[in-house]
Amino acid sequence: QVQLVESGGGLVQAGGSLKLSCVASGEIYRINTMAWYRQAPGKQRELVAAANRDGSVNYAESVKDRFTISRDNAKKMVFLQMNSLKPEDSAVYYCNADLTQGPFRPSMNYWGKGSLVTASS
């Protein structure tokens, strides 16, 4: 079994900062991409940022220059530093990993249970 566990969410005033962490555990051979998604009430889940194993990253336009994604491959962790938070950033943030459980096994996608981030105006 593979588990992704997020931490670091909470309530912050607009303009403030939070850092989310996610750790993957279980039967993992290699993690390809680790990413953060978010879902606000009544809206679809959307990609916030993704970090690939080769070091490349990409961001949603709405968070560029404010959020930074990083990975610690040895610890199977991904982080999301969120600065200058806006009320519209409020959502449940989900950790996502695309990984393989063996050298000849196909990659599969896993999700954490989510961490609530609220930026109050």
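Shown above is the structure to which this text applies.
What you see is a predicted model; the values in this text were computed from it and never measured.

(A) Broad picture of the pattern of salt bridges. This model, assessed by the stated rule, comprises 5 salt bridges. Across the salt bridge formed by Glu27 and Arg105, the nearest N and O atoms sit 3.1 Å from each other. With a gap of 78 residues between them, Glu27 in the loop between β3 (18–26) and β4 (30–39) and Arg105 in the loop between β9 (91–100) and β10 (108–111) connect regions that are remote in the sequence. Overall, the relative accessible area of 41% leaves Glu27 in the partly exposed class. For Arg38, the salt bridge identified is with Glu46, shortest N-O distance 2.7 Å.

(B) Spotlight on the sheet that holds β3. Overall, antiparallel pairing links the 4 strands, which are arranged β1-β3-β8-β7 in an open sheet. In this open sheet, the two edge strands, each paired with only one partner strand, are β1 (2–7) and β7 (67–72). On average, each strand axis in the sheet is tilted by 15° relative to the strand beside it, whichever way the strands run. Inspection of the sheet shows β1 paired to β3 by 6 bridges, in the antiparallel sense. Across the sheet, Ser7 pairs through a bridge with Ser21, a residue of β3.

Rules used in this analysis
Residues numbered from 1 in each chain as written. Predicted model: local features only at pLDDT ≥ 70, side-chain atom pairs only at ≥ 80, totals over all residues. Heavy atoms only, no water. Salt bridge = Lys/Arg side-chain N within 4 Å of Asp/Glu carboxyl O. Helix = DSSP H or I, 4+ residues; strand = E, 2+ residues; numbered from the N terminus. Buried < 20%, exposed > 50% of the residue type's maximum accessible area, 1.4 Å probe, protein only. Pairing = 2+ DSSP bridges. Axes fitted to C-alpha atoms, helices over the stretch in contact; angles between N-to-C directions.

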